[in-house]
Amino acid sequence: MKKTRASTEVLILEALLAAEGGAVSGVELARQLGVSRVAVWQQMEKLRAQGFAFAAVRARGYRLTTLPSLPHPALITAHLRGLGRACPLTLLEETDSTNDEAARQLAAGGAAPFAVLARCQTQGRGRLGRTWHSADNGNLYASFAFRPLLAPARMQTFTLWMGVNVCELVANFCGATPGLKWPNDLLFAGRKAGGMLTEARMDADQIRDLVFGLGLNVNSPAGGWPSALAGRAISLAEHTGAALDVNRFTAALIGRVLLAYERFMDGTYADGFAELWHRYDVLRGQPVTVLQGTQRVAGVALGIDDDGALILRTAKGRTERFQAGEVTLEKTGG
Ligand code: BTN
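Just so it is clear, the model here is predicted, and its values are computed rather than measured. (Residues numbered from 1 in each chain as written. Predicted model: local features only at pLDDT ≥ 70, side-chain atom pairs only at ≥ 80, totals over all residues. Heavy atoms only, no water.)

## Considering unusual backbone geometry
Following A112, the chain continues into P113 via a peptide bond in cis, with omega recorded as 0°. When you line up the elements, P113 lands in the loop between α5 (98-107) and β4 (114-118). W182 connects to P183 through a cis peptide bond whose omega is 0°. For P183, the location among the structural elements is in the loop between β6 (179-181) and β7 (185-188). Even without being a glycine, E20 presents a positive backbone phi close to 45°. Tracing the backbone shows E20 in the loop between α1 (8-18) and α2 (26-33). You will see that A59, though not glycine, has its phi angle at about 65°, which is positive. Within the element layout of this structure, A59 appears in the loop between β1 (53-57) and β2 (61-66). The exposure class assigned to A59 is exposed, which follows from its relative accessible area of 88%. (Helix = DSSP H or I, 4+ residues; strand = E, 2+ residues; numbered from the N terminus. Buried < 20%, exposed > 50% of the residue type's maximum accessible area, 1.4 Å probe, protein only.)

## Concerning the packing of aromatic side chains
Taken as a whole, this structure holds eleven aromatic pairs when the rule is applied. The interplanar angle of 50° and the centroid separation of 5.6 Å between the aromatic rings of Y269 and F273 together place this pair among those described as tilted. Exposure remark for Y269: the relative accessible area of 8% places this residue in the buried category. Taken together, the aromatic side chains of F144, F146, F158, W161, F212, Y261, F264, Y269 and F273 make up a single cluster linked through ring pairs. (Phe/Tyr/Trp six-rings, centres within 6.5 Å; stacked < 30°, edge-to-face > 60°.)

## Considering the domain arrangement of the protein
When its domains are assigned, the protein resolves into domain 1 (8-66), domain 2 (73-280) and domain 3 (287-329). Inter-centroid distance (C-alpha atoms) of domain 1 to domain 3 is 56 Å. (Domains from an automatic or database assignment.)

## Section: the packing of α1 against helix α4 (residues 73-82)
For the pair α1 and α4, interaxial distance at closest approach is 8 Å and the crossing angle is 55°. If you check the angle between α1 and α4, you find them oblique. The handedness of the crossing between α1 and α4 comes out as right-handed. Residues E9, V10, L11, L13, E14 and L17 of α1 touch α4, and the partners they reach there are A74, L75, T77, A78, H79, R81 and G82. (Axes fitted to C-alpha atoms, helices over the stretch in contact; angles between N-to-C directions. Parallel < 35°, antiparallel > 145°, perpendicular 65-115°, else oblique. Left-handed = near helix turned anticlockwise from the far one by under 90°. Contact = heavy atoms within 4.5 Å.)

## Thoughts on the site of the ligand
Around the ligand, the structure places 20 residues, and the nearest of them are S97, Q121, R125, R127 and K192. At a separation of 3.2 Å, a nitrogen atom of the ligand approaches a polar side-chain atom of T98. R125 is positioned such that a nitrogen or oxygen atom in its backbone is 2.7 Å from a nitrogen atom of the ligand. For the ligand, whose unbound accessible area comes to 410 Å², protein coverage reaches 98%. Mapped by element, the contributors of at least two residues to the shell around the ligand are α5, β5 (140-146), β8 (191-203) and β9 (206-216). A total of four residues in the shell around the ligand trace back to one element, the largest contributor, which is β8. Partitioned by chemical class, the residues of the shell around the ligand number five nonpolar, eleven polar and four charged. (Near = heavy atom within 4 Å. Polar contact = N/O pair within 3.5 Å; in protein donor to acceptor, adjacent residues only side chain to side chain. Areas by Shrake-Rupley, 256 points an atom, 1.4 Å probe, with all protein chains shown as cover. Nonpolar A, V, L, I, M, F, W, Y, C, P; charged D, E, K, R; others polar.)

The structure is reproduced here in structure tokens:
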């Protein structure tokens, strides 16, 4: 990565994170950043006011002792730089929908890729016009904006590929592996932990703007769901019993999404993509019903093909493929 000059705030945080709990000299920081010691001290006072805490280590400098539990843009950026990545990032207290905000920024000519995050959304939405519960409760509402200039047909597998990547990241980060329900749900024990919504704008026969939206139930507490979602939704913290470091996680997510996008664009993702999906697929081998428009087809899910279509063996023994639709997992015996 070509490291662009970041803000003093980000650079200080990057140095403190790199020290992994060890002390960082204020004098050395000032020298490296080309600012005065007073400027370093002032910046650290600002960080203190935002939920960071530092311990002064005699003759050795500052040690980071407490991190904010809420998303903090400079901290996410510092973590991201530590991973060797950079990505312009907007973090909003509230927005209508991060997908809409990302689309507005693309329309205004913002340089892609970039990410938009919000602590809550007033009009968070999911597939098929559904509402996405978007309270300010420690969950993640994120959108990633790209300008792929790809033929629309290439996008068929995009959300599925992103889903595999989000699953792998969550599994590595939390030590608990989610399942994927075609085409866009992340589940823990049959309850929804996340959903993805990809939206595109076309230019002639190419996709000009692409927004990948992810709602991930990260740290919301058990019992905090509205009644319509109780027993159907779950957060990562609820599933694992431990709150996640949302800033470190968000940086890892951004890094992973950028890498996944690069692999999607250069085509290297295609090799083994369907097998990867099958690793997380909760439908494979299960009796399901697919609703497509007014048509309802029952059968056993066999997985996906290389184009991302869901394969179904119907009761009559026919094999059918679905590019779109709503799947219900049927209850099996007992
Ligand atoms: C679904 O499961 O139907 C998809 C849900 C996608 C929700 C995310 S939250 C961030 C982004 N902004 C939105 O309005 N929707 C997506």
